Amino acid sequence: MRRLFPVTDETAAPGGRSGTSGGGRGGPGGGGGEDGAGREWSLAELAAAYAYPEAEAEAGAGSGPGGGREPWLRANMVSTLDGAAQHEGRSQPISCPADMRIFGTLRALADVVLVGAETVRQEGYRPARARAEFAAAREAAGQGPAAAVAVVSASLDLDFSLPLFASPLVPTLILTGSAAPPDRVAAAEAAGVRVVTAGEGAGVDPGRAVRALAERGYTRLLTEGGPRLLGQLVAAGVLDELCLTVAPMLTAGDAQRIAGGPAVTLPRRFTLKSMLEEDGFLFTRYARP
């Protein structure tokens, strides 16, 4: 893997270019070697490259869950060159090993993973797992052994016997509206799921959802979509950061984009914070100004 942006002395060096099969020899600092050979970044290097803003500012403060921090919501999505976020309904066919390493790293950095109910059903979601490589860092940050998963669902039409609900390491949450079906709420709670009301009527208000999670100590937020949920978060103006993998693939067809739903009145401008590359895949990180 190699860093393309921000540019460093190593990135810009004549020997800093590498072929599509590799990346930089300098880890998070940048550049590659003269022979073009690259190496796989360690999980610690990836964690440093994707640190949450408050972690960058308060390195190792360890102020406990929440710790008075403002919530920061990042999204992690993948898209092909022609804008497809899925192939045959799933994101895995357009991913790659480096993308999955970053996927796991982002989960390991987060307090909670926010996901739509349809994505849970289509992708066969499982609970986040504890990883020994991140155990010390999570403990120092005042985090639990793994990120919680918070499912956004109006109907609670979910199979509560699945591992995500029946046997998570950290209790799963469901964010729903005040008009959610009482029998489904009761079924969720009987399965050990924590139901959080974050909207009036049937729907969930994105801003209220973010505040409700922050009040429970979840301030490092990560969403993995799907496109409808991401579109709602964008429209509500609560998305702080987008980590987008651009896959060097073309799919055509009518696959969804990374964000769906009604368009915003004016396009929201984000700033490029970093860009990595491996095997032709680009791993970009954009944040609100």
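Residues numbered from 1 in each chain as written. Predicted model: local features only at pLDDT ≥ 70, side-chain atom pairs only at ≥ 80, totals over all residues. Heavy atoms only, no water.

*Asks:* Please explain the overall build of the protein chain as it appears in this structure.
*Replies:* Counting its secondary structure elements, the protein chain contains 10 helices and 10 strands. The proportion of buried residues among the 289 residues of the protein chain is 48%. Long-range pairs, those at least 24 residues apart, make up 66% of the contacts in the protein chain with a sequence separation of at least 6. With the model as given, the accessible surface of the protein chain reaches about 13,500 Å², and the carbon-plus-sulfur share is 54%. (Helix = DSSP H or I, 4+ residues; strand = E, 2+ residues; numbered from the N terminus. Buried < 20%, exposed > 50% of the residue type's maximum accessible area, 1.4 Å probe, protein only. Contact = heavy atoms within 4.5 Å. Areas by Shrake-Rupley, 256 points an atom, 1.4 Å probe, with all protein chains shown as cover.)

*Asks:* Could you clarify how one ought to interpret the packing of aromatic side chains in this entry?
*Replies:* Two aromatic rings are characterised by how far apart their centres lie and by the angle between their planes. Tallied over the entire structure, the rule returns 2 aromatic pairs. Judged by centre distance (5.2 Å) and plane angle (80 degrees), the ring pair of Phe160 and Phe165 falls under edge-to-face. Each member of the pair Phe160 and Phe165 is classed as buried. A centroid spacing of 6.5 Å and a plane angle of 15 degrees characterise the contact between Phe281 and Phe283, whose relative ring orientation is stacked. Accessibility classification places Phe281 together with Phe283 in one group, the buried group. Over the aromatic face of Tyr52 sits the side chain of Arg74, whose NZ or CZ is 4.1 Å from the ring centroid. (Phe/Tyr/Trp six-rings, centres within 6.5 Å; stacked < 30°, edge-to-face > 60°. Lys NZ or Arg CZ within 6 Å of the ring centre and 35° of its normal.)

*Asks:* In this structure, what is going on with the nonpolar core? I would like to understand it.
*Replies:* The tendency in soluble globular proteins is for nonpolar side chains to be buried side by side. Of all hydrophobic cores here, the largest spans 44 residues; its most connected members are Tyr50, Val151, Ile174 and Phe283. Looking at this core element by element, the count peaks at 5 residues for helix α4 (residues 97–109). Core analysis: the second largest hydrophobic core is formed by 28 residues, Val170, Val210, Leu242 and Ile258 among them. (Core = buried A, V, L, I, M, F, W, Y, C linked by side-chain atoms within 4.5 Å.)

*Asks:* Please explain the pattern of salt bridges as it appears in this structure.
*Replies:* Using the criterion set out here, one finds 12 salt bridges in the structure. For Glu277, the salt bridge is made with Arg2, and the minimal N-O distance between the two is 2.8 Å. Separated by 275 residues along the polypeptide, Glu277 in strand β9 (residues 271–278) and Arg2 in strand β1 (residues 2–5) bring together distant segments of the chain. We note that Glu277, like Arg2, is buried. Look at the salt bridges and you will find they share partners, linking Glu40, Arg101 and Glu278 into a network. (Salt bridge = Lys/Arg side-chain N within 4 Å of Asp/Glu carboxyl O.)

*Asks:* Just checking my understanding: could you explain the pairing of strand β10 (residues 281–287) for this structure?
*Replies:* Side-chain positions along a regular strand alternate between the two faces of the sheet. The buried count for β10 comes to 5 of 7 residues, which makes it a mostly enclosed element. Where β9 lies against β10, 7 bridges are found, and the strand directions are antiparallel. The residue of β10 that forms the bridge with Thr271 is Ala287. Between β9 and the antiparallel strand that follows it, β10, lie 2 residues; Asp279 among them carries a positive phi value of about 55 degrees. (Pairing = 2+ DSSP bridges.)

*Asks:* Just checking my understanding: could you explain the sheet that holds strand β4 (residues 148–152) for this structure?
*Replies:* Strand pairing in a sheet relies on backbone hydrogen bonds. The paired strands run either parallel or antiparallel. Read across the open sheet, the 10 strands follow the order β1-β9-β10-β8-β2-β7-β3-β4-β5-β6; overall the sheet is mixed. In this open sheet, the two edge strands, each paired with only one partner strand, are β1 and β6 (194–197). Sheet twist, expressed as the average angle between the axes of neighbouring strands with direction ignored, equals 25 degrees. Taken strand by strand, α4 contacts β2 (72–80), β3 (112–116), β7 (220–223), β8 (241–247), β9 and β10, and its axis lies near 165 degrees from that of β2. Most of the contacts of helix α9 (residues 206–215) go to strand β5 (residues 173–176), to which it runs at about 145 degrees, and overall it touches β2, β3, β4, β5, β6 and β7. (Axes fitted to C-alpha atoms, helices over the stretch in contact; angles between N-to-C directions.)

*Asks:* Please clarify how the confidence of the model for the protein chain should be interpreted in this entry.
*Replies:* Should the pLDDT be low somewhere, the predicted coordinates at that spot are not to be read in detail. Of all residues in the protein chain, 84% have pLDDT values of 70 or greater, and the mean over the chain is 86. Contacts for the low-pLDDT stretch residues 29–37, under 50 throughout, to residues beyond four places or in other chains number 28 contacts. The low-confidence segment residues 59–64, where pLDDT is below 50, has 7 contacts with residues more than four positions distant or belonging to other chains. (pLDDT = per-residue confidence, 0-100.)

*Asks:* I keep staring at unusual backbone geometry and nothing clicks. Help me out?
*Replies:* What is expected of a backbone is that most residues other than glycine have negative phi and most peptide bonds are trans. Of note, the amide linkage connecting Phe5 to Pro6 takes the cis form, showing an omega dihedral of 0 degrees. A positive phi angle, near 55 degrees, is found at Ala252, a position not held by glycine. The topology assignment puts Ala252 in the loop between β8 and β9. Notably, Asp279 is not glycine yet its phi reads approximately 55 degrees, a positive angle. As for its position among the elements, Asp279 is in the loop between β9 and β10.

*Asks:* Any chance you could explain the pairing of β9 here in plain terms?
*Replies:* Looking at chain direction, β1 and β9 are connected through 3 bridges and run antiparallel. Across the sheet, residue Arg3 finds its bridge partner in β9, namely Leu276.

*Asks:* What is the right way to look at the environment of Gly142 in this model?
*Replies:* Along the chain, the position of Gly142 falls in the loop between α6 (132–140) and β4. In this structure, the C-alpha to C-alpha distance between Gly142 and Asp111, residues 31 residues apart in sequence, is 9.7 Å.

*Asks:* Looking at this structure, how should I read the environment of Ala188?
*Replies:* For Ala188, the position within the fold is in helix α8 (residues 182–190). Along the backbone, Ala188 and Ser161 are 27 residues apart, and their C-alpha atoms lie at a distance of 9.8 Å. Leave out the neighbours within four places in its chain, and Ala188 touches Leu156, Phe160, Ile174, Val193 and Val195.

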